[in-house]
Amino acid sequence: MIRVLHTGDWHIGQTLRGFSREREHDAVFGCLERLVVEREVDALVVAGDVFDSQNPSGESQARFYALMARLHAARPAMTIVITAGNHDAAGRLEAPRPLLEAIGVHVVGNVRRRDGAIDLERHLVPVRAGNGEVAAQVLAVSYPTAACLPPLSSLGSERRIGETSPIVAAVRDLYGQLFEAARPRLAGLPLLVTGHLHVAGGLESEGAERRILVGGEHAVPADVFPEEARYVALGHLHRAQGLGGGQVRYCGSLIPLSAAEQPYRHGVTLVTLGAGAAEIEHIEIARPVPFLRLPASGDMPLADLGDHLAALALDPDLPLEARPYIQVRLAREGLLPGYRAEVDRIAESFPVRVVDVRVTVPPRASVEIVESEAPPPRLSERDPEELFRLAYRAKWDEEPAPAHLDVFHRARAEA
(Lines give C-alpha, C1' and ligand atoms only; values in the text may rest on other atoms or scores of the structure.)
Protein backbone atom coordinates (compact mmCIF):
# COMPACT_ATOMS: atom_id res chain seq x y z
CA MET A 1 0.00 0.00 0.00
CA ILE A 2 1.31 3.43 -0.99
CA ARG A 3 0.01 6.66 0.53
CA VAL A 4 0.18 9.79 -1.64
CA LEU A 5 -0.71 13.25 -0.37
CA HIS A 6 -2.10 15.31 -3.26
CA THR A 7 -1.89 19.08 -2.92
CA GLY A 8 -1.41 22.07 -5.19
CA ASP A 9 -2.24 25.69 -5.95
CA TRP A 10 -0.19 27.02 -3.07
CA HIS A 11 0.25 30.43 -4.72
CA ILE A 12 3.10 31.42 -2.41
CA GLY A 13 3.45 35.21 -2.44
CA GLN A 14 -0.22 35.91 -3.11
CA THR A 15 -1.93 38.93 -1.58
CA LEU A 16 -5.65 39.49 -1.11
CA ARG A 17 -6.73 43.09 -1.62
CA GLY A 18 -3.15 44.03 -0.75
CA PHE A 19 -3.03 41.93 2.45
CA SER A 20 -0.10 39.51 2.81
CA ARG A 21 -0.85 35.78 3.13
CA GLU A 22 2.55 34.86 4.62
CA ARG A 23 1.17 34.02 8.06
CA GLU A 24 -1.48 31.77 6.52
CA HIS A 25 0.99 29.96 4.29
CA ASP A 26 3.31 29.31 7.23
CA ALA A 27 0.41 27.85 9.22
CA VAL A 28 -0.88 25.51 6.51
CA PHE A 29 2.63 24.41 5.61
CA GLY A 30 3.05 23.45 9.25
CA CYS A 31 -0.07 21.31 8.85
CA LEU A 32 1.49 19.61 5.82
CA GLU A 33 4.58 18.75 7.84
CA ARG A 34 2.46 17.14 10.54
CA LEU A 35 0.25 15.27 8.07
CA VAL A 36 3.09 13.57 6.19
CA VAL A 37 4.31 12.16 9.51
CA GLU A 38 0.95 11.28 11.05
CA ARG A 39 -0.34 9.59 7.87
CA GLU A 40 3.00 7.94 7.02
CA VAL A 41 2.97 9.47 3.53
CA ASP A 42 5.17 7.83 0.89
CA ALA A 43 4.84 10.58 -1.74
CA LEU A 44 3.77 14.20 -1.79
CA VAL A 45 2.48 15.47 -5.15
CA VAL A 46 2.18 19.24 -5.75
CA ALA A 47 0.07 19.75 -8.89
CA GLY A 48 1.23 23.18 -10.02
CA ASP A 49 1.00 26.87 -9.11
CA VAL A 50 3.62 26.68 -6.41
CA PHE A 51 4.04 30.45 -6.66
CA ASP A 52 1.50 33.14 -7.41
CA SER A 53 3.82 34.94 -9.81
CA GLN A 54 6.25 33.89 -12.49
CA ASN A 55 8.73 36.23 -10.83
CA PRO A 56 8.34 35.34 -7.15
CA SER A 57 10.06 37.45 -4.53
CA GLY A 58 13.15 36.28 -2.70
CA GLU A 59 11.02 35.81 0.42
CA SER A 60 8.56 33.58 -1.45
CA GLN A 61 11.34 31.41 -2.85
CA ALA A 62 12.99 31.15 0.55
CA ARG A 63 9.68 30.04 2.07
CA PHE A 64 9.32 27.31 -0.58
CA TYR A 65 12.87 25.93 -0.25
CA ALA A 66 12.71 26.00 3.53
CA LEU A 67 9.50 23.97 3.35
CA MET A 68 11.15 21.38 1.08
CA ALA A 69 13.96 20.99 3.60
CA ARG A 70 11.55 20.63 6.53
CA LEU A 71 9.38 18.08 4.71
CA HIS A 72 12.47 16.01 3.92
CA ALA A 73 13.59 16.19 7.53
CA ALA A 74 10.12 15.19 8.75
CA ARG A 75 9.83 12.22 6.38
CA PRO A 76 13.25 11.42 4.85
CA ALA A 77 12.09 8.47 2.72
CA MET A 78 9.17 10.40 1.19
CA THR A 79 9.27 11.22 -2.53
CA ILE A 80 8.18 14.75 -3.42
CA VAL A 81 6.93 15.49 -6.95
CA ILE A 82 6.37 19.10 -8.00
CA THR A 83 5.00 20.24 -11.37
CA ALA A 84 4.76 23.74 -12.78
CA GLY A 85 1.39 25.44 -13.17
CA ASN A 86 0.40 28.37 -15.34
CA HIS A 87 1.44 30.82 -12.59
CA ASP A 88 4.93 29.32 -12.36
CA ALA A 89 8.03 30.09 -14.44
CA ALA A 90 8.96 26.55 -15.48
CA GLY A 91 12.66 27.29 -15.94
CA ARG A 92 12.93 29.08 -12.60
CA LEU A 93 11.18 26.19 -10.83
CA GLU A 94 13.50 23.62 -12.43
CA ALA A 95 16.74 25.59 -11.95
CA PRO A 96 17.75 24.08 -8.55
CA ARG A 97 16.71 20.57 -9.63
CA PRO A 98 20.10 18.91 -8.90
CA LEU A 99 20.04 20.22 -5.33
CA LEU A 100 16.38 19.35 -4.79
CA GLU A 101 16.79 15.81 -6.08
CA ALA A 102 19.40 15.25 -3.36
CA ILE A 103 16.57 15.48 -0.81
CA GLY A 104 14.04 13.46 -2.84
CA VAL A 105 12.32 16.40 -4.58
CA HIS A 106 11.58 15.90 -8.30
CA VAL A 107 10.61 19.03 -10.25
CA VAL A 108 8.98 19.03 -13.70
CA GLY A 109 8.74 22.46 -15.28
CA ASN A 110 8.02 21.58 -18.91
CA VAL A 111 7.48 18.50 -21.03
CA ARG A 112 10.94 17.35 -22.04
CA ARG A 113 11.86 15.55 -25.25
CA ARG A 114 15.13 14.12 -26.48
CA ASP A 115 15.55 13.67 -30.22
CA GLY A 116 11.81 14.21 -30.57
CA ALA A 117 10.87 11.49 -28.07
CA ILE A 118 9.56 11.94 -24.54
CA ASP A 119 12.40 12.09 -22.01
CA LEU A 120 10.89 9.63 -19.58
CA GLU A 121 13.67 10.07 -17.03
CA ARG A 122 12.26 13.53 -16.32
CA HIS A 123 8.60 12.51 -16.11
CA LEU A 124 8.31 9.05 -14.54
CA VAL A 125 9.05 9.14 -10.82
CA PRO A 126 9.15 5.87 -8.83
CA VAL A 127 7.60 5.77 -5.37
CA ARG A 128 9.14 3.33 -2.93
CA ALA A 129 7.41 1.51 -0.11
CA GLY A 130 8.83 1.20 3.39
CA ASN A 131 10.93 -1.80 2.34
CA GLY A 132 12.66 0.22 -0.38
CA GLU A 133 10.93 -1.53 -3.29
CA VAL A 134 9.27 0.51 -6.03
CA ALA A 135 5.53 0.13 -5.37
CA ALA A 136 3.98 2.83 -7.62
CA GLN A 137 4.87 5.28 -10.36
CA VAL A 138 4.01 8.95 -10.80
CA LEU A 139 3.76 10.30 -14.35
CA ALA A 140 4.47 13.98 -13.69
CA VAL A 141 3.04 16.41 -16.25
CA SER A 142 3.15 20.19 -15.94
CA TYR A 143 0.82 22.84 -17.37
CA PRO A 144 0.68 22.10 -21.13
CA THR A 145 2.08 25.21 -22.80
CA ALA A 146 2.09 25.45 -26.58
CA ALA A 147 5.75 24.36 -26.55
CA CYS A 148 4.83 21.22 -24.57
CA LEU A 149 2.10 20.04 -26.94
CA PRO A 150 2.80 17.95 -30.06
CA PRO A 151 2.71 20.02 -33.28
CA LEU A 152 -0.85 20.21 -34.54
CA SER A 153 0.36 19.24 -38.00
CA SER A 154 1.55 15.89 -36.62
CA LEU A 155 -1.88 14.83 -35.37
CA GLY A 156 -3.43 12.20 -37.59
CA SER A 157 -7.05 12.63 -38.65
CA GLU A 158 -7.98 9.48 -36.73
CA ARG A 159 -6.90 11.19 -33.52
CA ARG A 160 -9.28 14.08 -34.09
CA ILE A 161 -12.41 11.96 -34.51
CA GLY A 162 -14.94 13.18 -31.99
CA GLU A 163 -12.63 15.91 -30.71
CA THR A 164 -14.02 19.41 -30.34
CA SER A 165 -10.75 21.01 -31.46
CA PRO A 166 -7.17 20.25 -32.49
CA ILE A 167 -5.97 21.62 -29.14
CA VAL A 168 -7.95 19.02 -27.20
CA ALA A 169 -6.58 16.39 -29.58
CA ALA A 170 -3.06 17.67 -28.90
CA VAL A 171 -3.52 17.40 -25.11
CA ARG A 172 -4.87 13.87 -25.54
CA ASP A 173 -1.93 13.02 -27.80
CA LEU A 174 0.54 14.44 -25.27
CA TYR A 175 -0.78 12.22 -22.48
CA GLY A 176 -0.88 9.31 -24.91
CA GLN A 177 2.78 9.78 -25.80
CA LEU A 178 3.77 10.05 -22.15
CA PHE A 179 1.88 6.90 -21.20
CA GLU A 180 3.20 4.86 -24.13
CA ALA A 181 6.74 5.83 -23.16
CA ALA A 182 6.04 4.85 -19.54
CA ARG A 183 4.15 1.60 -20.23
CA PRO A 184 7.22 -0.72 -20.42
CA ARG A 185 8.36 0.39 -16.96
CA LEU A 186 5.06 0.07 -15.15
CA ALA A 187 5.22 -3.70 -14.65
CA GLY A 188 1.71 -3.76 -13.26
CA LEU A 189 2.43 -1.13 -10.62
CA PRO A 190 -0.24 1.48 -9.75
CA LEU A 191 0.10 4.62 -11.85
CA LEU A 192 -0.71 8.14 -10.67
CA VAL A 193 -0.82 10.87 -13.35
CA THR A 194 -0.67 14.61 -12.71
CA GLY A 195 -2.09 17.57 -14.63
CA HIS A 196 -2.57 21.31 -14.34
CA LEU A 197 -5.44 22.36 -16.57
CA HIS A 198 -9.21 22.74 -16.57
CA VAL A 199 -11.14 19.51 -17.04
CA ALA A 200 -14.70 19.84 -18.30
CA GLY A 201 -17.22 19.68 -15.47
CA GLY A 202 -14.88 21.24 -12.92
CA LEU A 203 -16.39 24.14 -10.97
CA GLU A 204 -14.45 27.40 -11.17
CA SER A 205 -13.94 30.10 -8.58
CA GLU A 206 -15.15 33.48 -9.76
CA GLY A 207 -12.27 35.87 -10.36
CA ALA A 208 -9.58 33.47 -9.14
CA GLU A 209 -8.66 31.05 -11.93
CA ARG A 210 -7.57 31.98 -15.41
CA ARG A 211 -8.91 30.19 -18.46
CA ILE A 212 -5.54 28.81 -19.33
CA LEU A 213 -5.67 26.17 -22.07
CA VAL A 214 -3.76 27.34 -25.12
CA GLY A 215 -5.41 27.94 -28.47
CA GLY A 216 -8.50 29.62 -27.08
CA GLU A 217 -9.78 26.41 -25.54
CA HIS A 218 -11.18 26.38 -22.02
CA ALA A 219 -11.35 22.75 -20.89
CA VAL A 220 -10.54 19.20 -21.89
CA PRO A 221 -12.68 16.10 -21.28
CA ALA A 222 -11.71 13.80 -18.43
CA ASP A 223 -10.94 10.96 -20.82
CA VAL A 224 -7.77 12.63 -22.18
CA PHE A 225 -5.90 10.90 -19.35
CA PRO A 226 -4.76 7.26 -19.65
CA GLU A 227 -7.45 4.75 -18.67
CA GLU A 228 -4.75 2.80 -16.86
CA ALA A 229 -4.18 5.60 -14.34
CA ARG A 230 -5.45 4.66 -10.89
CA TYR A 231 -5.64 8.31 -9.96
CA VAL A 232 -5.23 11.66 -11.74
CA ALA A 233 -3.94 14.44 -9.44
CA LEU A 234 -5.05 17.78 -10.82
CA GLY A 235 -4.25 21.39 -10.04
CA HIS A 236 -5.65 24.75 -11.22
CA LEU A 237 -9.20 24.79 -9.82
CA HIS A 238 -9.28 25.81 -6.17
CA ARG A 239 -12.37 23.88 -5.08
CA ALA A 240 -11.73 20.28 -3.97
CA GLN A 241 -13.78 18.10 -6.33
CA GLY A 242 -13.77 14.77 -8.11
CA LEU A 243 -14.54 14.11 -11.78
CA GLY A 244 -14.75 11.03 -13.94
CA GLY A 245 -16.05 8.80 -11.17
CA GLY A 246 -13.83 10.46 -8.57
CA GLN A 247 -10.47 9.10 -9.73
CA VAL A 248 -9.78 12.36 -11.60
CA ARG A 249 -9.58 14.92 -8.83
CA TYR A 250 -8.73 18.49 -7.90
CA CYS A 251 -7.37 18.62 -4.36
CA GLY A 252 -8.17 22.36 -4.16
CA SER A 253 -6.01 25.09 -2.66
CA LEU A 254 -4.81 25.21 0.94
CA ILE A 255 -6.39 28.60 1.69
CA PRO A 256 -9.12 30.68 0.03
CA LEU A 257 -7.45 32.69 -2.72
CA SER A 258 -10.43 34.90 -3.55
CA ALA A 259 -13.64 36.04 -1.90
CA ALA A 260 -15.58 33.56 -4.03
CA GLU A 261 -13.82 30.71 -2.19
CA GLN A 262 -15.12 31.68 1.24
CA PRO A 263 -17.52 28.66 1.45
CA TYR A 264 -14.96 26.06 0.31
CA ARG A 265 -13.57 23.26 2.50
CA HIS A 266 -9.90 23.75 1.70
CA GLY A 267 -7.44 20.98 2.30
CA VAL A 268 -5.52 18.09 0.71
CA THR A 269 -6.36 14.67 -0.69
CA LEU A 270 -4.87 11.46 0.71
CA VAL A 271 -4.73 8.73 -1.93
CA THR A 272 -4.03 5.13 -0.99
CA LEU A 273 -2.85 2.96 -3.88
CA GLY A 274 -2.94 -0.80 -3.61
CA ALA A 275 -4.22 -3.77 -5.56
CA GLY A 276 -7.66 -2.34 -6.30
CA ALA A 277 -9.18 1.07 -6.91
CA ALA A 278 -7.57 4.05 -5.24
CA GLU A 279 -8.93 5.01 -1.84
CA ILE A 280 -9.52 8.75 -1.63
CA GLU A 281 -9.88 10.88 1.50
CA HIS A 282 -10.28 14.65 1.63
CA ILE A 283 -8.48 16.06 4.67
CA GLU A 284 -9.75 19.50 5.56
CA ILE A 285 -7.20 22.00 6.87
CA ALA A 286 -8.38 24.57 9.39
CA ARG A 287 -8.13 28.15 8.21
CA PRO A 288 -5.37 30.09 9.95
CA VAL A 289 -7.46 33.26 9.63
CA PRO A 290 -11.29 33.34 9.66
CA PHE A 291 -13.02 34.33 6.42
CA LEU A 292 -16.51 35.57 7.28
CA ARG A 293 -19.55 36.58 5.28
CA LEU A 294 -21.76 39.37 6.68
CA PRO A 295 -24.55 38.64 6.90
CA ALA A 296 -24.16 34.84 6.93
CA SER A 297 -26.83 34.64 4.23
CA GLY A 298 -28.83 37.11 2.20
CA ASP A 299 -27.99 40.79 2.41
CA MET A 300 -28.39 43.74 4.77
CA PRO A 301 -28.81 47.51 4.76
CA LEU A 302 -25.55 49.40 5.07
CA ALA A 303 -26.80 50.84 8.38
CA ASP A 304 -26.64 47.34 9.92
CA LEU A 305 -22.96 46.74 9.12
CA GLY A 306 -21.67 48.18 12.39
CA ASP A 307 -24.00 45.96 14.44
CA HIS A 308 -22.84 42.85 12.55
CA LEU A 309 -19.18 43.74 13.10
CA ALA A 310 -19.76 44.46 16.78
CA ALA A 311 -21.51 41.09 17.19
CA LEU A 312 -18.26 39.35 16.21
CA ALA A 313 -16.85 40.45 19.59
CA LEU A 314 -13.27 40.50 18.30
CA ASP A 315 -10.24 41.42 20.38
CA PRO A 316 -9.52 45.05 19.42
CA ASP A 317 -5.78 44.39 19.79
CA LEU A 318 -5.66 41.68 17.10
CA PRO A 319 -2.56 42.19 14.93
CA LEU A 320 -3.29 42.97 11.29
CA GLU A 321 -2.23 39.54 10.00
CA ALA A 322 -4.63 37.79 12.42
CA ARG A 323 -7.69 39.89 11.65
CA PRO A 324 -10.49 38.03 9.88
CA TYR A 325 -11.29 38.66 6.23
CA ILE A 326 -14.80 39.98 5.71
CA GLN A 327 -17.22 39.72 2.80
CA VAL A 328 -20.03 42.28 2.91
CA ARG A 329 -23.32 41.79 1.07
CA LEU A 330 -25.50 44.89 0.88
CA ALA A 331 -29.09 45.37 -0.21
CA ARG A 332 -29.50 47.74 -3.14
CA GLU A 333 -32.57 49.45 -1.69
CA GLY A 334 -31.73 52.83 -0.18
CA LEU A 335 -28.02 52.56 -0.98
CA LEU A 336 -26.47 55.95 -1.71
CA PRO A 337 -23.49 56.84 -3.92
CA GLY A 338 -20.18 56.46 -2.15
CA TYR A 339 -21.31 53.46 -0.13
CA ARG A 340 -17.94 51.71 -0.56
CA ALA A 341 -16.13 54.51 1.25
CA GLU A 342 -18.77 54.33 3.99
CA VAL A 343 -18.13 50.58 4.38
CA ASP A 344 -14.43 51.31 4.87
CA ARG A 345 -15.20 54.08 7.37
CA ILE A 346 -17.39 51.77 9.49
CA ALA A 347 -14.92 48.89 9.30
CA GLU A 348 -12.05 51.09 10.49
CA SER A 349 -13.44 50.90 14.01
CA PHE A 350 -13.13 47.11 14.13
CA PRO A 351 -10.19 44.66 13.87
CA VAL A 352 -11.22 43.26 10.47
CA ARG A 353 -10.07 43.29 6.84
CA VAL A 354 -12.86 43.92 4.34
CA VAL A 355 -11.89 42.21 1.07
CA ASP A 356 -15.19 42.05 -0.80
CA VAL A 357 -18.27 44.26 -0.99
CA ARG A 358 -21.14 43.35 -3.27
CA VAL A 359 -24.60 44.73 -3.76
CA THR A 360 -27.58 42.45 -4.29
CA VAL A 361 -29.52 43.41 -7.39
CA PRO A 362 -33.17 42.34 -6.97
CA PRO A 363 -34.66 40.41 -9.89
CA ARG A 364 -37.32 42.07 -11.98
CA ALA A 365 -40.78 41.18 -10.77
CA SER A 366 -42.25 40.72 -14.25
CA VAL A 367 -42.05 41.96 -17.81
CA GLU A 368 -45.19 44.03 -17.35
CA ILE A 369 -43.62 46.42 -14.84
CA VAL A 370 -40.41 47.10 -16.74
CA GLU A 371 -41.47 50.65 -17.66
CA SER A 372 -42.19 51.53 -14.04
CA GLU A 373 -38.87 50.22 -12.69
CA ALA A 374 -36.29 52.60 -11.28
CA PRO A 375 -33.57 53.63 -13.73
CA PRO A 376 -30.30 51.71 -13.59
CA PRO A 377 -27.78 52.95 -11.02
CA ARG A 378 -25.49 55.82 -11.99
CA LEU A 379 -21.79 55.17 -12.52
CA SER A 380 -21.01 56.88 -9.21
CA GLU A 381 -23.18 54.33 -7.42
CA ARG A 382 -21.31 51.30 -8.69
CA ASP A 383 -18.57 49.54 -6.76
CA PRO A 384 -15.23 50.40 -8.48
CA GLU A 385 -14.11 46.76 -8.31
CA GLU A 386 -17.35 45.67 -9.95
CA LEU A 387 -16.77 48.19 -12.75
CA PHE A 388 -13.19 47.00 -13.20
CA ARG A 389 -14.38 43.39 -13.46
CA LEU A 390 -17.00 44.37 -16.05
CA ALA A 391 -14.47 46.32 -18.11
CA TYR A 392 -11.93 43.50 -17.96
CA ARG A 393 -14.50 40.90 -19.04
CA ALA A 394 -15.63 43.13 -21.91
CA LYS A 395 -12.04 43.53 -23.11
CA TRP A 396 -10.65 40.03 -22.59
CA ASP A 397 -13.73 37.80 -22.27
CA GLU A 398 -12.47 36.32 -19.00
CA GLU A 399 -12.34 37.18 -15.31
CA PRO A 400 -9.40 39.24 -14.04
CA ALA A 401 -6.83 37.17 -12.20
CA PRO A 402 -5.89 37.89 -8.57
CA ALA A 403 -2.75 39.66 -9.80
CA HIS A 404 -4.86 42.03 -11.90
CA LEU A 405 -7.12 42.78 -8.94
CA ASP A 406 -4.11 43.44 -6.73
CA VAL A 407 -2.77 46.01 -9.22
CA PHE A 408 -6.21 47.60 -9.47
CA HIS A 409 -6.55 47.95 -5.71
CA ARG A 410 -3.04 49.37 -5.33
CA ALA A 411 -3.75 51.92 -8.07
CA ARG A 412 -7.06 52.80 -6.47
CA ALA A 413 -5.42 53.30 -3.08
CA GLU A 414 -2.88 55.67 -4.61
CA ALA A 415 -5.48 57.64 -6.59
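Presented here is an overview of the structure given in this document. Here the structure is a predicted model, which means the values were calculated and not measured.

1. Quick look at the packing of helix H1 (residues 22-38) against helix H2 (residues 58-74)
Here is step 1: Between H1 and H2, the shortest axis-to-axis distance is 9 Å and the interhelical angle comes to 20 degrees. As the angle between them shows, H1 and H2 are arranged roughly parallel. Crossing hand, H1 versus H2: right-handed. Every residue of H2 that contacts H1 at Glu 22, His 25, Asp 26, Phe 29, Leu 32, Glu 33, Val 36 and Val 37 is listed here: Arg 63, Leu 67, Arg 70, Leu 71 and Ala 74.

2. Here we look at helix H8 (residues 339-347)
Here is step 1: All of the buried residues in H8 are Tyr 339, Arg 340, Val 343, Ile 346 and Ala 347. Down the axis of H8, the buried side of the element spans an arc of 120 degrees, and every buried residue falls inside it.

3. A closer look at the sheet that holds strand S18 (residues 325-331)
Here is step 1: Across the sheet, which stays open at both edges, the 3 strands sit in the order S17-S18-S19 with parallel pairing between neighbours. If you trace the sheet from one side to the other, it starts and ends with strand S17 (291-294) and strand S19 (353-360), each paired once. The average angle at which neighbouring strand axes cross in this sheet is 15 degrees, direction not considered.
Here is step 2: The pairing of S17 with S18 spans 4 bridges and is parallel. The residue bridging Leu 292 from the neighbouring strand is Ile 326, located in S18.

4. Quick look at the pattern of salt bridges
Here is step 1: Taken as a whole and judged by the stated rule, the model has 18 salt bridges.
Here is step 2: A salt bridge links Glu 180 to Arg 183; its shortest N-O distance comes to 2.6 Å. A residue pair is termed a helical-turn pair when its members lie 3 or 4 positions apart in one helix, as Glu 180 and Arg 183 do in helix H6 (residues 166-186) at 3 residues.
Here is step 3: Residue Arg 183 is classed as partly exposed on the basis of its relative accessible area of 39%.
Here is step 4: The residue Glu 284 makes a salt bridge to Arg 265 at a minimum N-O spacing of 3.1 Å. Of this pair, Glu 284 sits in strand S16 (residues 279-284) while Arg 265 sits in the loop between strand S14 (248-250) and strand S15 (267-273), and the two are 19 residues apart along the sequence.

5. Brief notes about the sheet that holds S16
Here is step 1: Strand order in this open sheet of 6 strands is S6-S5-S4-S1-S15-S16, and the pairing throughout is mixed. Every interior strand has two partners, whereas the edge strands, strand S6 (105-108) and S16, have only one. Neighbouring strand axes in the sheet, compared pairwise and without regard to direction, differ in orientation by 20 degrees on average.
Here is step 2: Contacting strand S1 (2-7), S15 and S16, H1 crosses the sheet at an angle of about 165 degrees to S1.
Here is step 3: H2 contacts strand S4 (43-47), strand S5 (79-83) and S6 of the sheet and is inclined by roughly 155 degrees relative to S5.

6. Regarding the pairing of S16
Here is step 1: Taken together, the 6 bridges between S15 and S16 define a ladder with antiparallel strand orientation. Paired with Gly 267 across the two strands is Glu 284, which belongs to S16.
Here is step 2: Connecting S15 to the antiparallel partner S16 that follows it, the hairpin turn spans 5 residues.

7. With respect to unusual backbone geometry
Here is step 1: A cis geometry characterises the amide bond from Leu 294 onward to Pro 295, with omega recorded as -5 degrees.
Here is step 2: Residue placement: Pro 295 occurs in the loop between S17 and helix H7 (305-311).
Here is step 3: Positive phi, close to 55 degrees, is recorded for His 11, a residue that is not glycine.
Here is step 4: Tracing the sequence through the fold places His 11 in the loop between S1 and strand S2 (15-16).
Here is step 5: If you check the backbone angles, Ala 313 has positive phi at about 50 degrees while not being a glycine.
Here is step 6: One can find Ala 313 in the loop between H7 and S18.
Here is step 7: Look at Ala 313 and you get exposed, because its relative accessible area is 65%.

8. Quick look at the nonpolar core
Here is step 1: Ranked by internal contacts, the top residues of the largest apolar core, which has 33 residues, are Leu 5, Trp 10, Val 50, Met 68 and Ile 82.
Here is step 2: Only H1, S4, H2, S5, helix H3 (90-94), S6 and S15 provide two or more residues apiece to this core.
Here is step 3: Counting 31 residues, the second largest nonpolar core, distinct from the first, contains Leu 139, Val 168, Leu 191 and Val 248.

9. Here we look at the packing of aromatic side chains
Here is step 1: This structure, assessed with the given rule, holds 6 aromatic pairs.
Here is step 2: For the ring pair Phe 19 and Tyr 325, a centre distance of 6.5 Å and an interplane angle of 50 degrees mean the geometry is tilted. Of this pair, Phe 19 sits in strand S3 (residues 19-20) while Tyr 325 is found in strand S18, placing the two residues 306 residues apart along the sequence.
Here is step 3: Overall, Tyr 325 belongs to the buried group, its relative accessible area being 0%.
Here is step 4: Seen from their ring centres, Phe 64 and Tyr 65 are 5.1 Å apart, and the 55 degrees between their planes marks the pair as tilted.
Here is step 5: Relative accessible area serves as the criterion here: at 28%, Tyr 65 is assigned to the partly exposed category.
Here is step 6: Put simply, the rings of Phe 19, Phe 291 and Tyr 325 touch in pairs and so form one group of aromatic residues.
Here is step 7: Positioned over the ring face of Phe 19 is Arg 353, at 5.3 Å from the centre of the ring.

Calculation criteria
- Residues numbered from 1 in each chain as written.
- Predicted model: local features only at pLDDT ≥ 70, side-chain atom pairs only at ≥ 80, totals over all residues.
- Heavy atoms only, no water.
- Axes fitted to C-alpha atoms, helices over the stretch in contact; angles between N-to-C directions.
- Helix = DSSP H or I, 4+ residues; strand = E, 2+ residues; numbered from the N terminus.
- Parallel < 35°, antiparallel > 145°, perpendicular 65-115°, else oblique.
- Left-handed = near helix turned anticlockwise from the far one by under 90°.
- Contact = heavy atoms within 4.5 Å.
- Buried < 20%, exposed > 50% of the residue type's maximum accessible area, 1.4 Å probe, protein only.
- Arc of directions from axis to C-beta.
- Pairing = 2+ DSSP bridges.
- Salt bridge = Lys/Arg side-chain N within 4 Å of Asp/Glu carboxyl O.
- Core = buried A, V, L, I, M, F, W, Y, C linked by side-chain atoms within 4.5 Å.
- Phe/Tyr/Trp six-rings, centres within 6.5 Å; stacked < 30°, edge-to-face > 60°.
- Lys NZ or Arg CZ within 6 Å of the ring centre and 35° of its normal.

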